[in-house]
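Now for the letters of each chain:
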Amino acid sequence: MLFALNNITKRFPGVLALDGVQLDLRAGEVHAVMGENGAGKSTLMKIAAGLFRPDAGEILRDGQPISFAGPADAKAAGIHSVFQELTILPNRTVAENLLIGREPTRAGGFWLDKAAMRAEAQAILDRLGIKLDPDQSAGTLSTGQRQMVEIARACAQDPKVLILDEPTSSLGRAEEELLFALVRRLRGDNVGILYITHRMSEVFLLSDRITVLRDGRYVLTGDTATLDRPALIRAMVGRDVAETRHGVDAGALPVALDARGLTRAPAVHGVDLTLHAGEVLGIAGLMGAGRTEIARLLAGIDRPDAGEMTLFDAPYAPRGIGDALARGVAYVSEDRKGLGLVLPLSVADNIALPSLGRLARHGVVAPGRIREFASEWMGKLGVKAANGEVAVETLSGGNQQKVSLAKWLAILPKVILLDEPTRGVDVGAKAEIYALIRQMAADGTAVLAISSELPELMQISDRIAVVAHGRIAGIVPTAGATEESLLDLAFQEGNAA
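Residues numbered from 1 in each chain as written. Predicted model: local features only at pLDDT ≥ 70, side-chain atom pairs only at ≥ 80, totals over all residues. Heavy atoms only, no water.

A separate point is the packing of helix H15 (residues 397-409) against helix H16 (residues 427-442). Two elements in contact, H15 and H16, have axes separated by 12 Å at closest approach and are oriented at 15 degrees. With respect to their mutual orientation, H15 and H16 come out roughly parallel. Pair H15 / H16 crosses with left-handed handedness. Where H15 abuts H16, its residues Lys-402, Leu-405 and Leu-409 lie against Ala-429, Glu-432, Ile-433, Leu-436 and Met-440. Looking at the contact of H15 with H16, its residues break down into six nonpolar, no polar and two charged. (Axes fitted to C-alpha atoms, helices over the stretch in contact; angles between N-to-C directions. Helix = DSSP H or I, 4+ residues; strand = E, 2+ residues; numbered from the N terminus. Parallel < 35°, antiparallel > 145°, perpendicular 65-115°, else oblique. Left-handed = near helix turned anticlockwise from the far one by under 90°. Contact = heavy atoms within 4.5 Å. Nonpolar A, V, L, I, M, F, W, Y, C, P; charged D, E, K, R; others polar.)

Here it is, written out as structure tokens:
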């Protein structure tokens, strides 16, 4: 056995994060680790990477007990990790980030050998098939490109065990395919890979075995070939989760938001889109197709170069997001940390921020009223936190996403634009969010939902609009949609001019 974690227990103040958990990894294997947010996956992986020390249990490397005083010890044992929270330095180049801590020097170590660094970085990128300029500043890279640099840095150090935590959460389809090819290549080189993801499709595509954790405890380990989606969901959440399709007759519903000829260079070109009150309109398309750019125009964040919009049959040309909010249009960004949340503030303050006007009495908002309001919405979305007073930055990524959703759902918008509403959220919480989205539509809210996960769109949407090259390639009823038909539209050839 290449690597094993036996009967691992880890406590934090007031929390038993792991309770006798076990996991083993074979050489040349992709072993998926799955579970809901708060199941203990990240804590277990941080123990494997030397970031945390277990309170009980043992770590084995090639069958021999080993202990880590820190991440450097784990790396010395050949264990490298890429966690969801990226550590790329934006003020350094790609080459400097790739070789940080291992920079080539000359003159007895007094001078950095930049030429050698660039050549070595280029060789790493070429070997992995990553098309980036070693001299490019990391601060100018997209989130997906930064993710690939982080993965390349780990792969460049000849890992024996590689931990990948939600590696595709920020990747476009081309980058995903590159990552999948890299994972298969590493498996062929006898590297053992621990793969953490909420995306079922990736698990069944890549993994050899699956281990499921629930509430900090071990549930099962099984060969991927012997498990199916319902069984895996049941193991993760402890109950059956229904997966259904919807299909209201949008044509019979009143028009909420209508866009004609919407254009903003270089990403959006002549978009016609109609969103009805009481429907969920899904937006599919490849990364970079213009999905988010369309939503930003609808939300008033960006202003179009051409085209016009109406909101409930009245002219709609928002001068900013505040103007759109005043008209009842809310936008939940895919970038929860950059645009969705104020990380140092409490969970309660984040949820209450857009609703302070409604909560105020005579211009004053009582702290108790904020706590009560936030508690209600934390309960509705199943936010796992000790209480509403903890800083939102201390929560898991999935729980941060729920807070970001609660913040805007709480204003009771007439139209809500959701950009990747379940990014980083586990399957149980996804079901809760899906139900909430459907309830909003049933209550008459017009919902537009962008997602990179086609099964998700087919589960929550009434119709699905596919974006390709900044245009609407087609709009199909969900009842008759398949992943293949949606991808055919997404890959539709066209000019972006």
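Now for the environment of Val-447. Looking at the secondary structure, you find Val-447 in strand S20 (residues 446-450). Separated by 169 residues in the primary sequence, Val-447 and Gly-278 place their C-alpha atoms 7.5 Å from one another. The residues contacting Val-447, other than those within four sequence positions of it, are Leu-275, Glu-279, Val-280, Leu-281, Ile-416, Leu-418, Ile-437, Met-440 and Ala-441.

Nonpolar side chains tend to gather and get buried jointly when the protein is soluble and globular. Counting residues in hydrophobic clusters, the biggest one holds 38 residues, and the most contacted among them are Ile-351, Trp-377, Leu-381, Val-403, Leu-409, Ile-416 and Leu-418. Of all the elements in the fold, those that place two or more residues in this core are strand S18 (329-332), helix H12 (347-352), helix H14 (367-381), H15, strand S19 (415-419), H16 and S20. Per-element accounting of this core gives the leading share, seven residues, to H16. Once residues lying within four places of it in the same chain are set aside, the contact partners of Leu-381 are Lys-402, Leu-405, Ala-406, Leu-409, Glu-432 and Leu-436. Counting residues in hydrophobic clusters, the runner-up holds 35 residues, among them Ala-138, Met-148, Ala-154 and Phe-180. (Core = buried A, V, L, I, M, F, W, Y, C linked by side-chain atoms within 4.5 Å. Buried < 20%, exposed > 50% of the residue type's maximum accessible area, 1.4 Å probe, protein only.)

Of all the eight residues making up helix H1 (residues 41-48), six are buried; the element is thus mostly covered by neighbouring parts of the structure. Regarding H1, the residues found buried are Lys-41, Thr-43, Leu-44, Met-45, Ile-47 and Ala-48. Two residues or fewer past H1, Gly-50 is found with a positive phi of approximately 85 degrees.

Let us look at the pattern of salt bridges. Taken as a whole and judged by the stated rule, the model has 21 salt bridges. One salt bridge connects Arg-199 with Glu-176, and the closest N-O pair in it is separated by 2.9 Å. One end of the pair, Arg-199, is in the loop between strand S10 (192-196) and helix H7 (200-206); the other, Glu-176, is in helix H6 (residues 173-188), with 23 residues separating them in the sequence. Three or more residues joined by partner-sharing salt bridges are found here, namely Glu-176, Arg-199, Glu-202, Lys-430 and Glu-453. (Salt bridge = Lys/Arg side-chain N within 4 Å of Asp/Glu carboxyl O.)

This next bit is on the sheet that holds strand S15 (residues 280-285). Sheet architecture is open: six strands sit in the order S18-S19-S20-S15-S21-S22, paired in mixed fashion. The open sheet has two edge strands, S18 and strand S22 (471-477), and neither has a second partner. Averaged over all neighbouring strand pairs, the angle between strand axes comes to 20 degrees, with direction disregarded. Here five bridges tie S15 to strand S21 (residues 463-468), and the two strands are oriented parallel to one another. (Pairing = 2+ DSSP bridges.)

Judged by how many residues are buried, strand S3 (residues 30-34) sits mostly within the fold: five of five residues are covered. Here S3 shows no split at all, with Val-30, Ala-32 and Met-34 on one side and His-31 and Val-33 on the other all buried. Where S3 and S10 come together, four bridges link them in parallel fashion. Considered in S10, the bridge of Val-30 is made with Ile-193. Bridge analysis of S3 against strand S11 (residues 209-214) gives four bridges, and the strand direction is parallel. Of the residues in S11, the one forming a bridge with Ala-32 is Ile-210.

Its place among the elements puts Thr-478 in the loop between S22 and helix H18 (483-490). For Thr-478, a relative accessible area of 0% translates into the label buried. From its side chain, Thr-478 meets the backbone oxygen of Ser-461 in a polar contact 3.0 Å long. (Polar contact = N/O pair within 3.5 Å; in protein donor to acceptor, adjacent residues only side chain to side chain.)

Let's shift gears to the environment of Ala-406. In this fold, Ala-406 is placed in helix H15. The exposure class of Ala-406 is buried, given its relative accessible area of 0%. Discounting chain neighbours no more than four positions away, the residues touching Ala-406 are Ile-351, Trp-377 and Leu-381.

Turning to the environment of Asp-55, a few remarks are in order. As for its position among the elements, Asp-55 is in the loop between H1 and strand S4 (56-61). Non-local contacts of Asp-55, meaning those with residues more than four positions away in its chain, are made with Thr-9, Lys-10 and Arg-11. Among the polar contacts made by the side chain of Asp-55, one reaches the main-chain amide nitrogen of Arg-11 at a distance of 2.6 Å.

This part takes up the sheet that holds S4. In spatial order, the strands read S2-S1-S4-S5; together these four strands make up an open sheet with antiparallel pairing. In this open sheet, the two strands that pair with only one neighbour each are strand S2 (15-25) and strand S5 (64-66). Neighbour-to-neighbour, the strand axes of this sheet turn through a mean angle of 30 degrees, independent of strand direction. As defined by bridge partners, strand S1 (residues 3-12) adjoins S2 across seven bridges and the pair is classed as antiparallel. Each bridged residue has a counterpart across the sheet, and for Ala-4 the counterpart in S2 is Asp-24. Packing of H1 onto the sheet brings it into contact with S1, S2 and S4, and relative to S1 it is tilted by some 120 degrees.

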